[in-house]
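Fold and contact review
What follows is the residue order along each chain.
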Amino acid sequence: MAKEKKLVESITSMEEDFAQWYTDVVKKAELTDYTSVKGCMVIKPAGYAIWENIQHELDRRFKETGVENVYLPMLIPESLLQKEKDHVEGFAPEVAWVTHGGLEPLQERMCVRPTSETLFCDFYANDIHSYRDLPKVYNQWCSVMRWEKTTRPFLRSREFLWQEGHTAHATAEEAEARTIQMLNVYADFCEEVLAIPVVKGRKTDKEKFAGAEATYTIESLMHDGKALQSGTSHNFGDGFAKAFGIQYTDKDNTLKYVHQTSWGMTTRMIGAIIMVHGDNSGLVLPPRIAPVQAMVIPIQQKKEGVLDKAAEVKEALVKSGIRTRMDDSDKSPGWKFSESEMRGIPVRIELGPKDIEAGQAVIVRRDTREKITVSLEELTGKVTETLEIMQKDMLERARTHRESHTYTAKTLDEFKDIAENKPGFIKAMWCGDQACEDALKEEAGVTSRCIPFQQEEITCECIYCKKPAKAMVYWGKAY
Ligand SMILES: [Zn+2]
């Protein structure tokens, strides 16, 4: 019994210390491990399986819009990185350099890709000639490296996994439409699969991607009231095309520059799942992303017939398409319950000799702990239904949490008071001047999260300088 208690006791409660709670969940749910490679992480099977499901769902959605996957080298020659001025300035402080090949110093050093715009541009400059070659709608699944000073599993690590889409189009309108289209793919994915509601909007010039004309973002709110940038989609206009000479011959026989976009989502989303849905017993996974959706736990499994029946139940669930496992290890049922909860498995199915005698089983929901007794004939249908309800409830709960942690500020005093005392999003008006954005960061410790597509007019003047406002902005502290 002492050992069983330990599994749960060793998690810090989120109310006490959210950061420590996060670290505890990541470790206890066996998502990652430390490695001798500083600032990087080992993603363990339970964590990697979540990433595989994210990949699978996103990749399917991408391909439905005509995206094709490619793979480019992981090294970028310095001269290539230098070609677009804003881009190199934005990334220079965090790139890692390769200076030797074997024992020989390289004539030109190369960086490990922090992102692949420059390589795609180099490739497109060779590959695009005519309007018939357009559009190019490519995506790459890979890892990138950014030399971060402080790191945390999933949220900020030097090497992380992601996808980066890079497209080239004949017209500015087409590029803008693709930028928004991919933002919507991300937003739908977050809400439908991860049960994370998002705010869609545009980044201010200060916060936009280095080299982009416009950056669109989806912002989500974590349980502790901090924001997380969850996916971004950039419209590059023809800036990169001009720097790299990506031109095509149009139908009218004139040479024109292409218009480009890029968009990405990363393993950070696993951090988001943990921080939006987790509780003091560990991880809570939305059923649609959970690698294991149901865990069958036999009780008094040494009694004759129990294990056989449990295996039969498991098989029936697997056959009906529910990702199911059975825990027939020699740990006690209490330990198995805690472990299944810690790993965030959406439902567990308890099955003991008395249940078998009565022809029933008990379904326990991870999120609400609700226990549902159901006949074995109806079990599969009931588990499917429970998973669907849980998925919906999790999104609703996250939405309610976000709404109750979104505040409106009409004066600077009000703004500062909220920033200091009420973690969450702050909606306030802005004049469009970066000086006010800088001042709010300096004085209230918040950054602009986005200029939401859904605008409201809270007042007519900027929260900081009182000049006429141009837009309502979401502000907040962010990961
Ligand atoms: Zn202002």
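About the cut-offs
Residues numbered from 1 in each chain as written. Predicted model: local features only at pLDDT ≥ 70, side-chain atom pairs only at ≥ 80, totals over all residues. Heavy atoms only, no water. Helix = DSSP H or I, 4+ residues; strand = E, 2+ residues; numbered from the N terminus. Rg over C-alpha atoms; globule rule 2.2 N^0.38 Å. Buried < 20%, exposed > 50% of the residue type's maximum accessible area, 1.4 Å probe, protein only. Contact = heavy atoms within 4.5 Å. Areas by Shrake-Rupley, 256 points an atom, 1.4 Å probe, with all protein chains shown as cover. Lys, Arg positive; Asp, Glu negative; His and termini not counted. Charge placed at Lys NZ, Arg CZ, Asp CG, Glu CD. Donors = N, O, S within 2.8 Å, 3.2 Å for Na, K, Ca; no water. Tetrahedral: all angles 85-135°; square planar, octahedral: opposite > 155°, others 65-115°. Core = buried A, V, L, I, M, F, W, Y, C linked by side-chain atoms within 4.5 Å.

On a plain count of helices and strands, the protein comes out with 15 helices and 23 strands. Computed over its C-alpha atoms, the radius of gyration of the protein comes to 25 Å, within 12% of the 23 Å expected for a compact globule of 479 residues. Its C-alpha atoms put the protein at 80 × 55 × 50 Å along the principal axes. Taken across its 479 residues, the protein has 53% of its residues classed as buried. Restricting the contact set of the protein to residue pairs at least 6 apart, pairs at least 24 apart contribute 68%. About 21,800 Å² of surface is accessible on the protein, with carbon and sulfur atoms providing 49% of the total. Where the 64 positive side-chain charges of the protein centre and where its 75 negative ones centre are 2 Å apart.

This next bit is on the coordination of the zinc ion. Donor atoms from the polypeptide that bind the zinc ion are Cys 431 (SG), Cys 436 (SG), Cys 462 (SG) and Cys 465 (SG), placed at 2.3 Å. Geometry at the zinc ion is tetrahedral, judged from the four donor atoms that bind it and their angles of 104 to 116 degrees at the metal. Along the chain, the residues that donate to the zinc ion are spaced as C-x4-C-x25-C-x2-C. Within this pair, whereas Cys 431 is found in the loop between strand E21 (425-430) and helix H15 (434-444), its partner Cys 462 is found in the loop between strand E22 (447-452) and strand E23 (471-476), the two being separated by 31 residues in sequence. For Cys 431, a relative accessible area of 8% corresponds to the buried category.

One recurring pattern in soluble globular proteins: nonpolar side chains tend to sit buried together. In this structure, Ile 54, Phe 62, Leu 194 and Ile 274 are the most contacted members of the largest nonpolar core, which totals 52 residues. Contributing elements (two or more residues each) for this core: helix H2 (18-28), helix H3 (45-64), strand E7 (136-145), helix H7 (172-192), strand E10 (214-221), strand E14 (259-266) and helix H9 (268-277). In this structure, Val 95, Leu 119, Ala 170 and Phe 240 belong to the second largest nonpolar core, which totals 27 residues.

Attention shifts here to the side chain of His 87. For His 87, the position within the fold is in helix H5 (residues 85-91). For His 87, a relative accessible area of 0% puts it in the buried group. Discounting chain neighbours no more than four positions away, the residues touching His 87 are Leu 81, Thr 115, Glu 117, Thr 118, Phe 209, Ala 210, Gly 211 and Phe 240.

None of the figures reported here should be taken as evidence of function without further support.
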